[in-house]
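# Working through the structure, step by step
Take a look at the letters that make up each chain.
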Amino acid sequence: MEDKQLAAEAAVKYIQTGMTIGLGSGSTVNYMLEALAKRIKEGMDVKGIPSSVKTEKLARKLGIPLIGYSKATKIDLAIDGADEVNSSLQLTKGGGGSLVREKIIDVAATKLIIIVDYSKMVTHLGSFPLPVEVVPFGWEKTAERIAAFGCNPKLRKSDQDVFISDNHNYILDCQFDLIEQPEQLHEQLKQTVGVVETGLFVNMTDMVIAAKNGIIDTRHRG
Ligand SMILES: O=C(CO)[C@H](O)[C@H](O)COP(=O)(O)O
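What comes next concerns the included structure. (Residues numbered from 1 in each chain as written. Predicted model: local features only at pLDDT ≥ 70, side-chain atom pairs only at ≥ 80, totals over all residues. Heavy atoms only, no water.)

## Quick look at the sheet that holds strand β3 (residues 75–80)
To keep it simple, the criterion reads: Following DSSP output, two strands are said to pair if at least two bridges run between them. We count a stretch as a helix when DSSP gives it H or I for four or more residues in a row; a strand needs E for two or more, and each element gets its number in order from the N terminus. Between N-to-C directions, angles cover 0 to 180 degrees, with each direction set by a line fitted to C-alpha atoms, over the stretch in contact for helices. Residue contacts are defined here by distance: any two heavy atoms, one from each residue, within 4.5 Å place the two residues in contact.
Pairing within the open sheet is mixed, and its six strands lie in the order β2-β1-β3-β6-β14-β15. With one partner strand each, in any of the chains shown, β2 (47–50) and β15 (215–220) form the two edges of the open sheet. Taking the axes of each pair of neighbouring strands and ignoring which way they run, one obtains an average angle of 20° across the sheet. In this structure, strand β1 (residues 20–23) lies alongside β2, joined through four bridges in parallel fashion. By the bridge assignment for β2, glycine 22 is matched with isoleucine 49. The strands touched by helix α4 (residues 99–108) are β1, β2, β3 and β6 (109–117); relative to β6, the strand with the most contacts, the crossing angle is about 125°.

Here it is as structure tokens:
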């Protein structure tokens, strides 16, 4: 079994009947959706809140009952992937372009579990270019302001076209040398006009389930 699938199946063990689950995005989460759908067929009663159009489509196809975020009274548990996880369980996310909705859901969850293969575990964030969602209007000027923080922002493309997020925005992939202070960088970027959200998820993760060569490594916050 692939490590991503192993991590995903380990996370599903934390889902209990009656829960409302935040469904993250990405290939690791897709394995989690498959495992969850199996549990639902066996009689588990849960509702999911999807964090992207792609997740919503797959969840519907697999028969996972869904509710809209605005209708939910609580999210008991969110399970999501990540592009990088540092030793303080701070994350870079947004490789799939779903960072805004992911963050809205992940931050609202009582518990957040991140599922990754071990290649995502790093000492410092920054090897993976940081995704920053920006408003299309004046994006070039926003990119100039972001560059002043020490990176080289690149407009994300999908084939030849500009990549458009589920929120109809653009994404700038920002290569920093090393992100030593993720919280501070996140705050600076958030104060930059034109920025909608950053892919830095700080102080949100409760547990990381990382799989390496068939072995699970679980890390907890604190
Ligand atoms: O943040 C994300 C999407 O916006 C994904 O969770 C992240 O890119 C990890 O994806 P994968 O599980 O496919 O490696």
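## Focus: the site of the ligand
Here is the rule we go by: If even one non-hydrogen atom of a residue comes within 4 Å of a molecule or strand, that residue is called near it. Residues adjacent in sequence count toward polar contacts only when both atoms are side-chain atoms; beyond that, a polar contact is any pair of N or O atoms within 3.5 Å, and within protein one must be able to donate a hydrogen and the other to accept it. The protein chains shown are the only cover counted for residues, whose accessible areas, like all others here, come from Shrake-Rupley with a 1.4 Å probe. When residues are grouped by polarity, Ala, Val, Leu, Ile, Met, Phe, Trp, Tyr, Cys and Pro land in nonpolar, Asp, Glu, Lys and Arg in charged, and all others, Gly among them, in polar.
The ligand sits among 17 residues. The nearest are Ser25, Ser27, Thr28, Asp83 and Lys120. Between an oxygen atom of the ligand and a main-chain N or O atom of serine 25, the distance comes to 2.8 Å. Lysine 120 is positioned such that a nitrogen or oxygen atom in its side chain is 2.7 Å from an oxygen atom of the ligand. Notes on the ligand: free accessible area 380 Å², of which the protein chains cover 91%. A class-by-class count of the residues in the shell around the ligand yields one nonpolar, ten polar and six charged.

## Notes on the packing of aromatic side chains
Spelled out, the test is: Between rings of Phe, Tyr and Trp, where Trp is taken as its six-membered ring, a pair exists when centres lie within 6.5 Å; planes separated by under 30 degrees are stacked, by over 60 edge-to-face, and by other angles tilted. Think of it in three bands: residues with accessible area under 20% of the maximum for their type are buried, residues over 50% are exposed, and the middle band is partly exposed, with areas taken using a 1.4 Å probe on protein chains only. Whether a charge lies above a ring is judged from NZ of Lys or CZ of Arg, which has to be within 6 Å of the ring centre and within 35 degrees of the ring normal.
Counting across every chain of the model gives one aromatic pair. Taking the centre distance of 6.3 Å and the plane angle of 70° together, the rings of tryptophan 139 and tyrosine 170 count as edge-to-face. Of this pair, tryptophan 139 sits in helix α5 (residues 139–147) while tyrosine 170 sits in strand β11 (residues 170–176); the two residues are 31 residues apart in sequence, bridging distant segments of the chain. For tyrosine 170, a relative accessible area of 18% corresponds to the buried category. Looking at lysine 93, its charged tip hangs above the ring of phenylalanine 201, at a distance of 5.6 Å from the centre. Arginine 156 extends its terminal NZ or CZ atom over the ring of phenylalanine 163, reaching a point 5.4 Å from the ring centre.

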